[in-house]
Amino acid sequence: MQLDYSEKHRALQSEIRAFIAAHRDKSPKPGGGRRRPDRRMLEWQALLLEHGYFGRTIPKKYGGYGAPPDVLEAAIIAEEFSRAGVSPGIMNQGISMLVPTLLEVGTEEQRERWIGPTIRGEVIWCQGYSEPGSGSDLASLRTRAELVDGHFVVNGQKIWTSSAHFSDMMFLLCRTEPDKPKHEGISYLLLSMQTPGIEVRPLTTMTEQATFNEVFFTDARVPADQIVMGRGQGWHVANVTLKFERLLLGDSNKLMQRLHRIREMMERTDIDGVRLMDRPEWRDRLLRLQGEVMASKYHGLRLLTDTARGEDSGVRRMIVKYFGTLLAHRLSSLAVDVMGANGLIYEPSGESADGDDATTWWVDYMYDIGLIIGGGSSNIQKNIIAERGLGMPREPKPAQPARVGA
């Protein structure tokens, strides 16, 4: 991995700084992001796409900037936006999980139809994976889709579906081949949330916001061509998406943004005339987290290098979700502590409104606990790292009870 900036990279750094100086007043407030993009966010996203600071390596024919992969360019863009405290653009399940999935295994028609509107923030997606009773064993899912007259007719239930209450589309895992082994009987469908037969019931969490939902399907009809890969190949597609989901949940750029925001708070907050930044106990706590955030950042660059070389990162990729979600929670915990008595304010005013700093950090603090569990809990991640990454023996399973008369 080469970290020295060439003349080309220094020129890009200067270009981005000039862009931010000229346009920073148009940036939405960083942080949060668990809502449908408003007009300000969409206009900012369009500006970033136009200049290649978002979707930089996505081909132009799909709505991206069309630049070749460059690890240092990606790092410079992330660093400059984070340091300046401006929004790096929209991060959601459609952009960070479905778009790379379609680029890897989708058809040309699916890429041309969905990638552009998705990265522009015009089409919002949710993920139809988890079901009651199929949490840690996703392949045991029971939502079924039967092919009838050119449509899949879907019946079943999903749960913990983030953003379903304001999403336009869903990427759905369902069982289409009930007679095959569980991993071979699953398909991956793309469907509109306006399809008759879909009911969304929001679930209010301890944040007092409805960020999750239950989704019920009753004879919901999905055109048969809205399938990624083929019938029974959904488990392969699902694992491609999960790979990108874990990178999203442990995103080092998000951690770096949080670190910069906390550092600024500590520089402007004082107790008895002494800045928190100048108090050893607070400075020590920040520096310890800074070291871990920097490790996460450079690990992310290593993964980008693997991707640019077309190499599988293996166990190096597997640790991102586990490490990143725990670190994110510790960062939000420090932010709440830094605010002191001011951090006790908690006034969630609805998902469509910008919260005050204290409320935003508190929502992050509580939401982070869910992310440590969601997308494969930390214990599940440890098993994956140990068994698939390090080749350790599989965890013993409980003995099956003996059959009567056997």
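Below is a short write-up of the structure. (Residues numbered from 1 in each chain as written. Predicted model: local features only at pLDDT ≥ 70, side-chain atom pairs only at ≥ 80, totals over all residues. Heavy atoms only, no water.)

1. Re the packing of helix α6 (residues 234-249) against helix α9 (residues 315-338)
The cut-off we apply is this: Angles here are taken between N-to-C directions and fall from 0 to 180 degrees, while the axes themselves are lines fitted to C-alpha atoms, restricted in helices to the stretch in contact. A run of H or I in DSSP becomes a helix once it reaches four residues, and a run of E becomes a strand once it reaches two; helices and strands are each numbered from the N terminus. Should the near helix be turned anticlockwise from the far one by less than a right angle, the crossing is left-handed, and should it be turned clockwise, the crossing is right-handed. The contact definition used throughout considers only heavy atoms, calling two residues in contact when any of these lie within 4.5 Å. Gly falls in the polar group here, along with every residue not listed as nonpolar (Ala, Val, Leu, Ile, Met, Phe, Trp, Tyr, Cys, Pro) or charged (Asp, Glu, Lys, Arg).
In the contact formed by α6 and α9, the axes pass within 7 Å of each other and the chain directions differ by 35 degrees. Note that α6 runs across α9; the crossing there is left-handed. The segment α6 lies against α9, with K243, R246, L247 and L249 engaging R317, V320, K321 and T325. Considered class by class, the residues forming the contact of α6 with α9 number three nonpolar, one polar and four charged.

2. Looking at the packing of aromatic side chains
The condition that has to hold: Ring pairs are drawn from Phe, Tyr and Trp, using the six-membered ring of Trp, whenever the two centres fall within 6.5 Å, and their geometry is named by plane angle: stacked under 30 degrees, edge-to-face over 60, tilted for the rest. For every residue, the accessible area (1.4 Å probe, protein chains only) is compared with the maximum for its type, and the residue is labelled buried under 20%, exposed over 50%, or partly exposed between those bounds. To sit over a ring, a charge needs its Lys NZ or Arg CZ within 6 Å of the ring centre and within 35 degrees of the ring normal.
Counted according to the given criterion, the structure contains 11 aromatic pairs. Taking the centre distance of 5.9 Å and the plane angle of 40 degrees together, the rings of F19 and W44 count as tilted. A residue pair is termed long-range when its members are at least 10 positions apart, and F19 in helix α1 (residues 7-23) and W44 in helix α2 (residues 39-51) qualify at 25 residues. Assessed through its relative accessible area of 1%, W44 is described here as buried. A centroid spacing of 6.2 Å and a plane angle of 15 degrees characterise the contact between F212 and Y367, whose relative ring orientation is stacked. With F212 in strand β7 (residues 212-223) and Y367 in helix α10 (residues 357-373), this pair connects stretches of sequence that are 155 residues apart. The burial state of F212 is the same as that of Y367; both residues are buried. Chaining the aromatic ring pairs together yields one cluster made of W114, W125, Y129, F171 and Y188. For the cation-ring pair, R201 lies above F216, with the distance from its terminal atom to the ring centre recorded as 4.1 Å.

3. Remarks on empty space enclosed by the protein
The condition that has to hold: Put simply, the grid is 1 Å and covers the protein atoms alone, a cavity is a trapped set of points that fit a 1.4 Å probe, a pocket is an open set with protein on both sides within 12 Å along at least five of seven lines, and lining residues have an atom within 4 Å of a point. Grid points are joined across faces, edges and corners, and a volume is the space filled by probe spheres set on the points.
Scanning all chains against the criterion turns up one cavity of 30 Å³ or more. If you tally residues by element for the lining of the largest cavity, the top one is helix α7 (residues 252-268), at three residues. Residue composition of the lining of the largest cavity, grouped by class: one nonpolar, four polar and one charged.

4. Quick notes on the packing of α7 against α9
The following threshold applies: Any angle between 65 and 115 degrees counts as roughly perpendicular, while under 35 counts as roughly parallel, over 145 as roughly antiparallel, and the rest as oblique.
Packing of α7 against α9 brings their axes to within 10 Å, and their N-to-C directions diverge by 15 degrees. Taken as axis vectors, α7 and α9 run roughly parallel relative to one another. Seen from above, α7 lies across α9 with left-handed handedness. Across the interface between the two elements, L255, R258, L259, I262, M265 and M266 from α7 touch G324, L327, A328, H329, L331, S332, L334, A335 and V338 from α9. Residues belonging to the contact of α7 with α9 are distributed by class as follows: 11 nonpolar, three polar and one charged.

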